[in-house]
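What follows is the residue order along each chain.
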Amino acid sequence: MASSPRSPQPAAPAQAELEISRQSRILAALSKKVIDLDELRMLSAQGVPDGAGVRSTVWKLLLGYLPSDRELWEQELAKKRSQYEAFKDEFLGNTVGGNSATRGSEAHSDGNAEHVENGFLDRSVIAQDEHPLSIGKTKEWDQFVENSEMIEQVDRDVKRTHPDMHFFCGDSSFAKSNQESLKNILIIFAKLNAGIRYVQGMNEILAPLFFVFRDDPDYKNANFAEADSFFCFVELLSGLRDNFCQKLDNSAVGIQGTLSKLMQLLRKYDGELQHHLEITTEVNPQFYAFRWITLLLTQEFNFADTIHIWDTLLSDPDGPQETLLRICCAMLILVRKRLLAGDFTSNLKLLQSYPPTNIGHLLYVANKLQ
Amino acid sequence: MVLVLALGDLHIPHRAPDLPAKFKSMLVPGKIQHIICTGNLCIKEIHDYLKSLCPDLHITRGEYDEDARYPETKTVTIGQFKLGLCHGHQVVPWGDLDSLAMLQRQLDVDILVTGHTHQFKAYKHEGGVVINPGSATGAYSSITYDVNPSFVLMDIDGLRVVVYVYELIDGEVKVDKIDFKKTATMHG
């Protein structure tokens, strides 16, 4: 019971029984030959018990990474994992002019460097514009510079991800290898998705996925956390891409549209609060909910709570967006007393650093907003 | 990816009026992180021009430089590499690779950049690599009139250097490259 963050103190017997029964139900659901995804979604929406050690598998099923038929798991996983290795070879062995001609000459001059002690260095021919000062638009050189900048940004963001957690930060080789994995995933994603590339914040969305997969009690899965996280990250982001695309910001599908939807939802269930927030105190949802929505609430609660919220978010078969809005709405409603009594400054302060909350209760309220 | 421009022996205005136009059009401010100049600019205007391309400018004194305050030799550490700079008229015989190798060991650098001969050279020995970027204006030297304008751009990336050699031959800019890595044996 100590491992369950929902009930920090020794649980009342009824609570403990509830916990065990949820755990056994989810284990039962997972042990079927062909898993009933609807059943799994319903169970996950109530929260995946930490003690069961199955969260990694549940999330992979919810995100469609693992097929519902258990028999196909091994083959699917092998296929995806080797595909990821291929991506790594292709996108991470990157140097300037990384085409086979120059790679060949590099290997050649490496050989030279080893054997020839003294001598004039060989000059190798390069293609027309492939040098740093070329005025023409060298696709390769420009791309190299662009990639270098992207890689530096990824590196900076990864180092700042959850600096308070030993898993992500610090001098241990474990933290360093986890950081490497995060970087690899984000860089490969950026290279594969030229339209969206890397946007700050993607690291925060990747972090819980990677953590949960790396934390898998089955070491055979934990070792492939990087590859598994990559595909799940792609899947998760596919529903969220519009939030990261600047051009869509002001369109109905972009972030502004989503924020309006949030306000509409709030007006439906708590018109007084919506009016007070938006009109009276002029606290524009952009000031606080932008981060809630684009980063899937990873910055608002402690890590363990975020993971529980994600159990519910990922259980939505249509993608996390709808559930996310309901949870954000619930967050506002839960502090309505303080908001209604506050002005612009105090409300903004409150919402930008949301107070610790009973997550179970929050999700319960959110569930009612349907 | 750090770009280091190495050039020298311009001899402006005595032997050449200016850099070749085709070189000047490529050398734009903001692209290059460091400039190392072997010397013989010879006037302040050229110093100012180079400074406008990149604020981190290192120059050693050539025998015709009007500014007597440039040092005879200089060492600069860029990334993983130690670079040494010296005009080269002090090293006799001029352009002699063994004598230059001695200077390199004295300065204790991975790459020694020197000039004076107005001839591009890139040479490797146990003590490191010697690079002569030639004369950026193609000015005649004490040894020969047959000089093609040339300069060098080094891309330092970790333990690897890609040296781009820019030469003006028959009015056209030709660019080659040389690739080498710093190995454990390169230093002392």
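Residues numbered from 1 in each chain as written. Chains lettered and ligands numbered in written order. Predicted model: local features only at pLDDT ≥ 70, side-chain atom pairs only at ≥ 80, totals over all residues. Heavy atoms only, no water.

In the annotation of an unreviewed UniProt entry, the entry for chain B reads Vacuolar protein sorting-associated protein 29, and the organism field reads Lolium multiflorum. UniProt lists a comment for chain B under the heading Sequence similarities (unreviewed entry), and it reads "Belongs to the VPS29 family." (UniProt positions renumbered as here; feature names shortened; annotations may be inferred.)

Identification of chain A as Rab-GAP TBC domain-containing protein from Lolium multiflorum is taken from an unreviewed UniProt entry.

**Things to note about the sheet that holds strand β8 (residues 128-132) of chain B**
Strand pairs in the sheet, formed through backbone hydrogen bonds, run parallel or antiparallel to each other. Taken in spatial order, the six strands make up an open sheet running β1(A)-β7(B)-β8(B)-β6(B)-β5(B)-β4(B), and their pairing is mixed. Each end of this open sheet is capped by a strand with a single partner; those strands are β1 (119-120) of chain A together with β4 (73-78) of chain B. Pairing geometry for β4(B) and strand β5 (residues 81-86) of chain B, over six bridges, is antiparallel. The residue bridging B:I78 from the neighbouring strand is B:F81, located in β5(B). (Pairing = 2+ DSSP bridges. Helix = DSSP H or I, 4+ residues; strand = E, 2+ residues; numbered from the N terminus.)

**Some points on the interface of chain B and chain A**
Facing the 32 residues of chain B at the interface are 27 residues of chain A. Roughly 2700 Å² is buried in total at the junction of chain B and chain A, and carbon and sulfur atoms are behind 60% of that figure. Considering only the surface of chain B that becomes buried against chain A, B:M1, B:K124 and B:K177 emerge as the three largest contributors, covering 22% of it. The shortest N-O distance in the salt bridge between A:R123 and B:E167 comes to 2.7 Å. Taken together, the connections running from chain B to chain A amount to seven residue pairs in polar contact (both at pLDDT 80 or more). (Contact = heavy atoms within 4.5 Å. Buried area = accessible area lost by both parts, 1.4 Å probe. Salt bridge = Lys/Arg side-chain N within 4 Å of Asp/Glu carboxyl O. Polar contact = N/O pair within 3.5 Å; in protein donor to acceptor, adjacent residues only side chain to side chain.)

**A look at the sheet that holds strand β11 (residues 172-181) of chain B**
Taken together, the seven strands give an open sheet; going across it, the order is β2(A)-β11(B)-β10(B)-β9(B)-β1(B)-β2(B)-β3(B), and neighbouring strands pair in mixed fashion. The open sheet has two edge strands with one neighbour each: β2 (124-125) of chain A together with β3 (57-59) of chain B. Note: β2(A) against β11(B), two bridges, orientation antiparallel. Residue pairing in the sheet places A:S124 in a bridge with B:K177 of β11(B). Where helix α2 (residues 44-53) of chain B meets the sheet, it contacts β1 (2-7), β2 (34-37) and β3 of chain B, and its direction lies at approximately 145° from that of β3(B). (Axes fitted to C-alpha atoms, helices over the stretch in contact; angles between N-to-C directions.)

**What to know about a nonpolar patch on the surface**
Among the surface-exposed residues, B:V92, B:W94 and B:I143 lie close enough to one another that they form a single nonpolar patch of about 330 Å² accessible area. Topologically, B:W94 is positioned in the loop between β5 and α3 (97-107). (Patch = residues over 30% accessible without salt bridge, like charges linked within 9 Å, V, L, I, M, F, W, Y side chains within 5 Å. Areas by Shrake-Rupley, 256 points an atom, 1.4 Å probe, with all protein chains shown as cover.)

**Some remarks on helix α10 (residues 225-244) of chain A**
Along an α-helix, residues three or four apart share an orientation, since each turn contains 3.6 residues. Residues and elements named next belong to chain A. End to end, α10 covers just 25 Å across 20 residues, shorter than the expected 28 Å (1.5 Å per residue, more than 12% under). Of all the bends in α10, the greatest, near 60°, is centred on S238. Burial of α10 is extensive: 14 of the 20 residues sit out of reach of the surface. (Expected span 1.5 Å × (residues − 1). Bend = angle between axes of the 7 residues up to and from the residue. Buried < 20%, exposed > 50% of the residue type's maximum accessible area, 1.4 Å probe, protein only.)

**What to know about the packing of helix α11 (residues 255-269) of chain A against helix α15 (residues 321-334) of chain A**
Residue and element names in this part refer to chain A. Two elements in contact, α11 and α15, have axes whose closest approach is 10 Å; the angle formed by their N-to-C orientations is 55°. By the angle between their axes, α11 is oblique relative to α15. Of the two elements, α11 crosses α15, and the hand of that crossing is right-handed. On α15, the residues that touch T258, K261, L262, M263, L265, L266 and Y269 of α11 are Q321, L325, R326, C328, C329, L332 and I333. Along the lines of polarity and charge, the residues of the contact of α11 with α15 split into 10 nonpolar, two polar and two charged. (Parallel < 35°, antiparallel > 145°, perpendicular 65-115°, else oblique. Left-handed = near helix turned anticlockwise from the far one by under 90°. Nonpolar A, V, L, I, M, F, W, Y, C, P; charged D, E, K, R; others polar.)

**Remarks on the nonpolar core**
Counting residues in hydrophobic clusters, the biggest one holds 98 residues, and the most contacted among them are A:F233, A:W292 and A:L332. Ranked by residue count, the leading element in this core is α10(A), at 10 residues. (Core = buried A, V, L, I, M, F, W, Y, C linked by side-chain atoms within 4.5 Å.)

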